[in-house]
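# Architecture at a glance
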Amino acid sequence: MARPAKKRRICRPPKFNCFTPIGKDIPEGVVVLEVDEYECLRLIDYEGLTQSECAEQMNLVRTSVTGIYARARQKIADSLVNGKELWIEGGSYEVCEGGLESCPSRKEHEKCSQCSKERTKLQ
Ligand SMILES: [Zn+2]
């Protein structure tokens, strides 16, 4: 029997879920980036983490990160090159509010006012 897939940890969910091209043509379609793919891009391309650090942060093995990251970049490129709308939604994940003992970003969550506001809202 297959074990259920581990949920991917998301420490900073996207602020916006839809990006649309603006220009003289209308967008040519839609690319759907899953939230875990977004988190991979955020951690590696924005925060500058290595794939191994990203794996630890997201509660994944490194080989999974390699695949997710490659898919994410391919989708972003498709959106930029072909002028497609980019939606960020779906995927198998759980949002970390900093309360998870195992979260390597726990200190970062405590510093971040946006996170603590969200934490207060949830309580
Ligand atoms: Zn976290």
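Shown above is the structure to which this text applies.
Here's a quick rundown of the structure.

Quick look at the overall build of the chain now. Per the secondary structure count, the chain includes five helices and five strands. Secondary structure of the chain in N-to-C order comes out as β-β-β-α-α-α-β-β-α-α. Residues classed as buried in the chain amount to 22% of the 123 residues present. By sequence separation, contacts in the chain at least 24 residues apart represent 74% of the contacts at least 6 residues apart.

What follows is about the packing of helix α1 (residues 35-46) against helix α2 (residues 51-58). Between α1 and α2, the least distance of the axes is 9 Å, while the angle of their chain directions is 135°. Relative to α2, the element α1 is oriented oblique. Like other packed secondary-structure pairs, α1 and α2 cross with a definite hand, here right-handed. Contacts between α1 and α2 involve Glu39, Cys40, Leu43 and Ile44 on the former and, on the latter, Gln51, Cys54, Gln57 and Met58. Tallied by class, the residues present in the contact of α1 with α2 amount to five nonpolar, two polar and one charged.

Turning our eyes to something else, we now look at the nonpolar core. Judged by nonpolar contacts, the single largest core of 14 residues is most densely connected at Leu33, Cys40, Cys54, Ala55, Val65 and Ala72. Listing elements by their share of this core, those giving two or more residues are α1, α2, α3 (62-82) and β4 (85-88). By residue number, the principal contributor to this core is α1, which donates four residues. Residues within four places of Cys54 in sequence aside, it is in contact with Cys40, Leu43, Ile44, Leu49 and Val65.

Tracing the sequence through the fold places Arg9 in strand β1 (residues 8-10). With residues near it in sequence (within four places) discarded, Arg9 still touches Gln57, Met58, Asn59, Glu94, Cys96 and Cys103.

Turning our attention to the sheet that holds β4. One open sheet accounts for three strands, arranged β2-β4-β3; its pairing is mixed. A single partner strand is all that each edge strand has here, and the edge strands are β2 (18-19) and β3 (30-33). When β3 meets β4, the two strands line up parallel, connected through four bridges. Within β4, the position partnered with Leu33 by the bridge is Ile88. Helix-sheet contacts for α3 involve β3 and β4, and the interaxial angle to β3 is about 155°.

What counts, and where the lines are drawn
- Residues numbered from 1 in each chain as written.
- Predicted model: local features only at pLDDT ≥ 70, side-chain atom pairs only at ≥ 80, totals over all residues.
- Helix = DSSP H or I, 4+ residues; strand = E, 2+ residues; numbered from the N terminus.
- Buried ≥ 20, exposed ≤ 12 C-beta atoms within 10 Å, placed from the backbone.
- Contact = placed C-beta atoms within 7 Å.
- Axes fitted to C-alpha atoms, helices over the stretch in contact; angles between N-to-C directions.
- Parallel < 35°, antiparallel > 145°, perpendicular 65-115°, else oblique.
- Left-handed = near helix turned anticlockwise from the far one by under 90°.
- Nonpolar A, V, L, I, M, F, W, Y, C, P; charged D, E, K, R; others polar.
- Core = buried A, V, L, I, M, F, W, Y, C linked by C-beta atoms within 7 Å.
- Pairing = 2+ DSSP bridges.

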